Amino acid sequence: SQKIEQNSEALNIQEGKTATLTCNYTNYSPAYLQWYRQDPGRGPVFLLLIRENEKEKRKERLKVTFDTTLKQSLFHITASQPADSATYLCALDPAGYALNFGKGTSLLVTP
Amino acid sequence: GAVVSQHPSWVICKSGTSVKIECRSLDFQATTMFWYRQFPKQSLMLMATSNEGSKATYEQGVEKDKFLINHASLTLSTLTVTSAHPEDSSFYICSARDGQSSSYNSPLHFGNGTRLTVT
């Protein structure tokens, strides 16, 4: 069956450090992968999309890599800030029109 | 940017009653909307795909007679939880793609969700 796996444990880092979150998938052949941010009690907010032919994508302090051989995406937040504290979701298209999501990784950035 | 508005943000109802949740695309047209459900510390689970002017497509294991979906216009989809039970208590979230950029790889815009508690 198709699976999207993200670090199940919360990630605690100190302000200013780089946070790295992992997304691994099985039984998908995705043409692209997306990352979302979700705050408690709110809907997810789109952050970045990376296509299969792109190794890396950046947006301000965010960087995403996509390795289709390893079936893995890494999501980096550089110079992290307490405001970056949230749950980050990895999402893939199961060859349909909707998206399947991982459970998400909770990030806590402490001052 | 594209905004999806969901109402109500929270609702408490008694077991056996029905609850309607509205999802509106405010500044774009959405021929397709998606309804997700999220239990605490779990991933978003797709319940159904709502298609304007036609029947919704339900995911395996989701009862179409219990979760009624109506997509009567290009900006409004509703989810009605009928004969709600405590196990239906969850966080329900709708989403849509901007009709102008409705290619399969464009991002989803989400509402802020509805917290349903059935007592």
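So, a few notes on the structure that sits alongside this text. (Residues numbered from 1 in each chain as written. Chains lettered and ligands numbered in written order. Predicted model: local features only at pLDDT ≥ 70, side-chain atom pairs only at ≥ 80, totals over all residues. Heavy atoms only, no water.)

**Observations concerning the sheet that holds strand 8 (residues 72-77) of chain A**
Residue and element names in this part refer to chain A. Filter applied, for reference: Any two strands with at least two DSSP-identified bridges between them are counted as paired. Secondary structure elements follow DSSP: runs of H or I no shorter than four residues count as helices, runs of E no shorter than two count as strands, and numbering proceeds from the N terminus. For every element, the axis is a line fit to its C-alpha atoms; helices are fit only across the contacting stretch, and the angle between N-to-C directions ranges from 0 to 180 degrees.
Across the sheet, which stays open at both edges, the 5 strands sit in the order 1-3-8-7-6 with antiparallel pairing between neighbours. Because the sheet does not close on itself, it has two edges, and the strands there are strand 1 (3-6) and strand 6 (56-59). Here the strands of the sheet are splayed against their neighbours by 15° on average, with no regard to which way each runs. Here strand 3 (residues 19-26) pairs with strand 8 via 6 bridges, running antiparallel. Across the sheet, residue L21 finds its bridge partner in strand 8, namely F75.

**What to know about the nonpolar core**
All names here are of chain B. The condition is simple: In these notes, a set of buried Ala, Val, Leu, Ile, Met, Phe, Trp, Tyr and Cys residues joined through side-chain atoms within 4.5 Å is what counts as a nonpolar core. Exposed residues in this analysis have more than 50% of their type's maximum accessible area, buried residues have under 20%, and partly exposed residues fall in between, with area computed by a 1.4 Å probe over protein chains only. Any two residues whose heavy atoms approach within 4.5 Å at even a single point are treated as in contact.
Counting residues in each nonpolar core, the largest one holds 24 residues, and the members touching the most others are W35, F67, L79, Y92 and L116. For this core, the secondary structure elements donating two or more residues are strand 2 (10-13), strand 3 (19-25), strand 4 (32-38), strand 5 (45-51), strand 7 (67-73), strand 8 (76-81), strand 9 (90-96) and strand 11 (114-118). L79 has contacts with V19, K20, I21, W35, F67, L68, I69 and Y92, leaving out every residue within four places of it along the chain.

**As for the interface of chain B and chain A**
Stated precisely, the cut-off is as follows: Buried surface area refers to the total accessible area, computed with a probe of radius 1.4 Å, that the two partners give up upon joining, counted for both partners together. Every case where a carboxyl oxygen of Asp or Glu lies within 4 Å of a side-chain nitrogen of Lys or Arg is listed as a salt bridge. Identification of polar contacts relies on pairs of N or O atoms within 3.5 Å, with a donor-acceptor requirement for protein atoms, meaning one able to donate a hydrogen and the other able to accept it, and with residues adjacent in sequence counted only if both atoms are side-chain atoms. Gly is placed with the polar residues, together with every amino acid not listed as nonpolar (Ala, Val, Leu, Ile, Met, Phe, Trp, Tyr, Cys and Pro) or charged (Asp, Glu, Lys and Arg).
With 22 residues of chain B at the contact, the number on the chain A side is 20 residues. Note on chain B versus chain A: buried area summed over both sides is about 1800 Å², and carbon and sulfur give 55% of it. Linking chain B with chain A are 0 salt bridges. Here chain B and chain A share 5 residue pairs in polar contact (both at pLDDT 80 or more) between them. Secondary structure elements with two or more residues in the side of chain B that touches chain A: strand 4 and strand 9 of chain B. Considering each element in turn, the side of chain B that touches chain A owes the most residues, 4 residues, to strand 4 of chain B. Its residues assigned to classes, the side of chain B that touches chain A shows 10 nonpolar, 10 polar and 2 charged.

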